[in-house]
Amino acid sequence: MNLRNETQTNNSITLRWEAPSDPHSQLYMYQIQWASGAQHQQEQTNGTSYRVQGLEPGTLYSLSVRAERNNVTSATRSLRASTAPDPVRISSCTSNSGGHGLALTCLCPRGGFETFLLEVNGQRISLDNSSCEREVTVWGLQPARSYVASVQTFWDGMVAPGPSVTCHTSSVGVIAGSVIGVLLAITLVGVLLFFLKRRRSAKQPRESRPSVPRSGSASHCSFHKDIRAADFAEHVRRKEKDSNWGFAEDYQLLDQEDQPQLLQTVALAPKNQSKNRYRNVLPYDCARVPLKPLPGEPGSDYINASFIPGLWEAQEFIATQGPLPHTVGDFWRLVWEQQSHTVVMLTNCMESGRVKCDDYWPLDAQPCTHGHLQVTLEQEDVKENWIIRTLKLRHMQEQKTLQVQQFHYMTWPDHGVPHCPDPFLTFRKLFRERLERCSQGGLPVVHCSDGVGRTGTFIALDVLLRQLECEGCVGPFQYVKKMRGSRPLMVQTETQYVFLHQCILRFLKQSSPIPSEDEGLYEDMMYENVGAL
């Protein structure tokens with residue numbers, strides 16, 4: 001009796017199963033049970049499908065079915081499934097900044113929700129789950145205009161579109177612009193009269209042309225792209241003003257400059273869709289990591305993984321999602337084919353009562369086998385914030401082995417950031433030392449649950465700290481933008497973007513002696529930003 005989840009709504013899950021191959025199958029009665037947390041319920045039916053109703057939206061349920069006839073009970077078939085999330089409603093939408101922006105507030109939906117996607121006038125802004133009932137500002141609009149705004153809710157790979165609303169920007173900017181235009185015209189007339197008067201009174205028959213000073217050579221680190229190490233603390237302080245307004249403006253610009261024109265046809269192919277943990281996190285065709293196809297298995301060359309560039313290399317990392325139960329074998333094929341000696345894991349397998357990643361390594365000394373690959377756990381070094389596992393990957397057909405070290409960071413909270421940069425910086429240092437010892441190995445594989453949020457933040461931190469060491473300057477905005485050209489949503493939330501800057505700031509404080517008069521500035525900024533996060 002195969003049990004499957006047929007459809008889901010925000011308050012129901014429809015189950016379907018096959019009747020036992022028995023001439024008396026119509027006499028079976030089926031017992032259906034479902035539970036979420038400590039609440040358990042049970043119903044029965046004599047059909048082969050049942051719609052479980054009255055459920056909470058955005059909630060993970062354990063469901064099971066067993067057949068009974070003449071006091072004989074079949075084996076129980078179980079599965080876990082979530083209800084769809086509730087849509088979000090925009091509760092307020094007001095104009096600000098002279099009509100060049102809109103401040104929107106959304107009500108939190110019932111049940112679970114992971115992220116939101118706000119769309120205004122074609123601008124798509126990714127928001128974390130703490131953004132509901134918090135004012136979000138959209139910039140770059142025109143005064144005295146109407147804009148349609150809507151929000152989508154994401155939960156467990158499902159999307160709930162919310163109702164759209166029409167927002168209006170004020171006409172203050174238009175009026176102010178008209179007044180300024182008049183004043184500029186008056187000023188221009190005055191300037192022209194002044195120069196005409198000077199020309200008439202000039203003794204020389206021809207005016208001499210003023211010389212244009214030559215510009216100095218451009219510095220290696222331009223302000224709008226890269227920030228010099230000595231200027232970075234002041235740069236962060238400016239961005240933090242007015243409740244991180246500068247960071248919010250940067251992050252919205254990153255969202256607007258995402259890569260919607262890049263194709264994702266391979267990830268969207270019907271044979272591959274079940275291999276994606278989240279429907280909105282898909283690799284671009286141009287940067288996906290192909291696997292060697294398996295004979296007679298269509299789609300076996302696909303895994304949700306992308307090549308990520310560094311500052312100097314076109315391919316320096318592999319970013320991927322946390323393996324699903326049916327893609328663990330593909331994950332180890334990826335590691336073997338790329339000869340990756342190093343794996344970084346930035347999620348726990350279970351977070352907030354939800355599965356974020358499958359256990360893809362052996363939990364004890366007993367090896368696990370996936371196709372031709374055998375994985376053995378050889379050693380575990382357990383620390384307060386992370387575990388470093390030494391694994392042996394053996395290709396049984398080729399009789400070759402690959403030693404893999406897995407760096408598992410365990411204290412990055414779900415839908416948040418680490419409370420302090422120091423342990424995370426130490427973890428990154430251990431990772432970088434490992435890579436330098438294994439310089440001949442393949443690209444490191446980095447994953448969290450979706451392979452974009454925590455994964456993107458870790459990769460960006462490693463690259464930017466090396467840029468600081470080599471060039472004496474750093475460009476967080478430009479590098480995050482570059483990563484997003486290879487994989488969507490890298491550094492998925494504004495909070496992660498702020499944390500990235502905070503880690504760089506802490507690294508600079510640890511690496512350079514700070515004059516006593518500046519030390520308070522660094523300390524104040526560190527603790528102020530932790531509170532804001």
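Look up a bit, the structure's there.
Below, the structure is looked at part by part.

Here is what the cut-offs are and how they apply
- Residues numbered from 1 in each chain as written.
- Predicted model: local features only at pLDDT ≥ 70, side-chain atom pairs only at ≥ 80, totals over all residues.
- Heavy atoms only, no water.
- Helix = DSSP H or I, 4+ residues; strand = E, 2+ residues; numbered from the N terminus.
- Buried < 20%, exposed > 50% of the residue type's maximum accessible area, 1.4 Å probe, protein only.
- Contact = heavy atoms within 4.5 Å.
- Areas by Shrake-Rupley, 256 points an atom, 1.4 Å probe, with all protein chains shown as cover.
- Disulfide = S-S within 2.5 Å.
- Pairing = 2+ DSSP bridges.
- Axes fitted to C-alpha atoms, helices over the stretch in contact; angles between N-to-C directions.
- Parallel < 35°, antiparallel > 145°, perpendicular 65-115°, else oblique.
- Nonpolar A, V, L, I, M, F, W, Y, C, P; charged D, E, K, R; others polar.
- Polar contact = N/O pair within 3.5 Å; in protein donor to acceptor, adjacent residues only side chain to side chain.
- 1 Å grid on protein atoms, 1.4 Å probe; cavity = no way out; pocket = protein on both sides within 12 Å on 5 of 7 lines; lining within 4 Å.
- Points joined across faces, edges and corners; volume = space filled by probe spheres on them.

**Some thoughts on the overall build of the protein**
Inference 1: Looking only at helices and strands, the protein has nine helices and 28 strands in total.
Inference 2: Buried positions account for 47% of the 533 residues belonging to the protein.
Inference 3: Of all intrachain contacts in the protein linking residues separated by at least 6 positions in sequence, the fraction that spans at least 24 positions is 64%.
Inference 4: Split by element, the accessible area of the protein, about 26,800 Å² in all, is 51% carbon and sulfur.

**Remarks on the state of the cysteines**
Inference 1: Scanning the entire structure with this criterion turns up two disulfides.
Inference 2: Between Cys 108 and Cys 132 runs a disulfide, and the two sulfur atoms are separated by 2.0 Å. The sign of the 85 degrees torsion about the S-S bond sets the Cys 108-Cys 132 disulfide as right-handed. Residue Cys 108 is located in the loop between strand S10 (101-106) and strand S11 (115-120), and its partner Cys 132 is located in the loop between strand S12 (123-128) and strand S13 (136-139); the two are separated by 24 residues in the primary sequence.
Inference 3: Judged by relative accessible area, Cys 108 falls into the partly exposed class, the value being 31%.

**Focus: the pairing of strand S4 (residues 39-45)**
Inference 1: Looking at chain direction, strand S3 (residues 29-36) and S4 are connected through seven bridges and run antiparallel. Within S4, the residue paired with Ser 36 across the bridge is Gln 39.
Inference 2: Turn length for the S3-S4 hairpin, with the two strands adjacent in sequence and antiparallel, is two residues, and the turn residue Gly 37 shows positive phi of about 65 degrees.

**Comments concerning the sheet that holds strand S26 (residues 400-409)**
Inference 1: Ordered in space as S18-S19-S27-S20-S26-S25-S24-S23, the eight strands form an open sheet in which the pairing is mixed. Either end of the sheet is taken by a strand with one partner, and the two such strands are strand S18 (305-308) and strand S23 (368-370). Averaged over all pairs of adjacent strands, the angle between strand axes in this sheet comes to 25 degrees, irrespective of strand direction.
Inference 2: In this structure, strand S20 (residues 342-345) lies alongside S26, joined through four bridges in parallel fashion. Along S26, the bridge assignment pairs Thr 342 with Gln 405.
Inference 3: Across the face of the sheet, helix H6 (residues 453-471) comes into contact with S18, strand S19 (317-320), S20 and strand S27 (445-447) while running at roughly 160 degrees to S19.

**Here we look at the sheet that holds strand S9 (residues 90-96)**
Inference 1: In spatial order, the strands read S9-S10-S13; together these three strands make up an open sheet with antiparallel pairing. The open sheet has two edge strands, S9 and S13, and neither has a second partner. Mean inter-strand twist for the sheet, computed between neighbouring axes without regard to direction, equals 25 degrees.
Inference 2: Strand direction decides the pairing type here: S10 and S13, joined by four bridges, are antiparallel. When the sheet's bridge partners are listed, Gly 101 is paired in S13 with Trp 139.

**Quick word on the pairing of S10**
Inference 1: Burial analysis of S10 places six of its six residues in the buried class, the great majority of the element.
Inference 2: Because side chains alternate across S10, one face comprises the buried residues Gly 101, Ala 103 and Thr 105, and the other comprises Leu 102, Leu 104 and Cys 106, equally buried.

**Examining the packing of helix H5 (residues 421-437) against helix H8 (residues 494-511)**
Inference 1: Relative orientation of the contacting elements H5 and H8 amounts to 80 degrees, with a least axis distance of 10 Å. With respect to their mutual orientation, H5 and H8 come out roughly perpendicular. Residues Pro 421, Asp 422, Phe 424 and Leu 425 of H5 lie in contact with H8, whose contacting residues are Phe 499, Gln 502, Cys 503, Arg 506, Phe 507 and Gln 510.
Inference 2: For the contact of H5 with H8, the residue count by class is six nonpolar, two polar and two charged.

**Points about the side chain of Arg 354**
Inference 1: With respect to the element layout, Arg 354 can be found in strand S22 (residues 354-355).
Inference 2: Classification of Arg 354 as buried rests on a relative accessible area of 6%.
Inference 3: Within the structure, the side chain of Arg 354 is placed 2.5 Å from the side chain of Glu 114, a separation counted as a polar contact.
Inference 4: Those residues in contact with Arg 354, other than ones at most four positions away along the chain, are Leu 60, Glu 114, Trp 155, Asp 156 and Cys 349.

**Overview of empty space enclosed by the protein**
Inference 1: All told, the structure shown has three cavities of 30 Å³ or more when counted by the stated rule.
Inference 2: Taken together, 26 residues make up the lining of the largest cavity; nearest its centre are Thr 115, Lys 356, His 415, Asp 450 and Gln 492.
Inference 3: Elements represented by at least two residues in the lining of the largest cavity include exactly strand S14 (146-155), strand S15 (158-161), H6 and H8.
Inference 4: Among the residues forming the lining of the largest cavity, the class breakdown is eight nonpolar, eleven polar and seven charged.
Inference 5: Put simply, the second largest cavity is a space of about 60 Å³.
Inference 6: Its residues placed into classes, the lining of the second largest cavity shows four nonpolar, four polar and two charged.

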